[in-house]
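# Structural features, examined
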Amino acid sequence: AQSVAQPEDQVNVAEGNPLTVKCTYSVSGNPYLFWYVQYPNRGLQFLLKYITGDNLVKGSYGFEAEFNKSQTSFHLKKPSALVSDSALYFCAVRDGGRGNTPLVFGKGTRLSVIA
Amino acid sequence: ETGVTQTPRHLVMGMTNKKSLKCEQHLGHNAMYWYKQSAKKPLELMFVYNFKEQTENNSVPSRFSPECPNSSHLFLHLHTLQPEDSALYLCASSQVTSGGTTSTDTQYFGPGTRLTVL
């Protein structure tokens, strides 16, 4: 069965500093990996995904993520954090080798960017 | 978020009430999903409809009843709920491939309905 771990419940970073939100996964087939962001009282917004190809994926709002197969990780990064990046971030994985399997989400990491 | 809309945005109901949540997607997708988001828990997939056919029911209690009359609309009918059913209910849609082949689809979410059961 596929699973996702977001080891940090909360990440605090100063505005202008680089940020990293961690995600590790487990699937039996090829991993299809996604990052979503959720602002207060809103639904989840798609940020980026990795299906195949270049290990570094660029997404919305200046975010990027690096797929690392040997470490089974897909950490979300941004070179310079903004206060407006403060939100709840979810990593999700699908087993790409088993038909149209459901997405499995992590518990989420709350990012707080301090001015 | 305008691609997937949900109504109502907030709902307060008693345990004996019957209510329905509505989701509409304007993206031309062929799959729709209901998720439950509770505090400090991972997102829980409840139901999946592919091409209007229910393909997933993750052991959801029968007090939750989904309905998908067409590929653009999805309902969640609620009756005799419990206080622990209070949560944010999210709808999503995606475009999936047919024939059970692997899909790389991205799911797009609505803003959710905040449900409180008294």
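Structure report, in brief.

Calculation rules
- Residues numbered from 1 in each chain as written.
- Chains lettered and ligands numbered in written order.
- Predicted model: local features only at pLDDT ≥ 70, side-chain atom pairs only at ≥ 80, totals over all residues.
- Heavy atoms only, no water.
- Pairing = 2+ DSSP bridges.
- Helix = DSSP H or I, 4+ residues; strand = E, 2+ residues; numbered from the N terminus.
- Axes fitted to C-alpha atoms, helices over the stretch in contact; angles between N-to-C directions.
- Salt bridge = Lys/Arg side-chain N within 4 Å of Asp/Glu carboxyl O.
- Buried < 20%, exposed > 50% of the residue type's maximum accessible area, 1.4 Å probe, protein only.
- Polar contact = N/O pair within 3.5 Å; in protein donor to acceptor, adjacent residues only side chain to side chain.
- Contact = heavy atoms within 4.5 Å.
- Buried area = accessible area lost by both parts, 1.4 Å probe.
- Nonpolar A, V, L, I, M, F, W, Y, C, P; charged D, E, K, R; others polar.

### Describing the sheet that holds strand β8 (residues 73-79) of chain B
All names here are of chain B. The four strands lie next to each other as β1-β3-β8-β7, forming an open sheet whose pairing is antiparallel. Taken across any chain shown, the strands that pair with only one partner, and hence form the sheet edges, are β1 (4-7) and β7 (64-70). Strand-to-strand twist in this sheet, taken as the mean axis angle between neighbours without regard to direction, amounts to 20 degrees. Sheet topology note: the strand β3 (residues 18-25)/β8 ladder contains seven bridges and is antiparallel. Across the sheet, residue C23 finds its bridge partner in β8, namely L74.

### Focus: the pattern of salt bridges
All names here are of chain B. By the definition in use, this model includes four salt bridges over all chains. The salt bridge involving K41 is made with E44; its shortest N-O contact spans 3.4 Å. The partly exposed category is assigned to K41, whose relative accessible area is 41%. Judged by its relative accessible area of 29%, E44 is partly exposed.

### Points about the side chain of Q6 of chain A
Residue and element names in this part refer to chain A. Of note, Q6 is situated in the loop between β1 (3-5) and β2 (10-14). In terms of polar contacts, Q6 uses its side chain to reach the backbone carbonyl oxygen of Y89, at 3.0 Å. For Q6, the side chain forms a polar contact with the main-chain nitrogen of C91, separated by 3.0 Å. Setting aside residues up to four positions removed in sequence, Q6 forms contacts with V21, K22, W35, Y89, F90, C91, G106, K107, G108 and T109.

### Topic: the interface of chain A and chain B
Counting residues at the interface gives 23 residues for chain A and 24 residues for chain B. In this assembly, chain A packs against chain B so that about 1900 Å² is buried in total across both faces, 51% of it on carbon and sulfur atoms. Our count for the chain A to chain B interface comes out at zero salt bridges. At the boundary of chain A and chain B, one finds five residue pairs in polar contact (both at pLDDT 80 or more). Secondary structure elements with two or more residues in the side of chain A that touches chain B: β5 (31-38), β6 (44-50) and β10 (87-95) of chain A. Here the residues of the side of chain A that touches chain B are counted per class, giving 11 nonpolar, eight polar and four charged.

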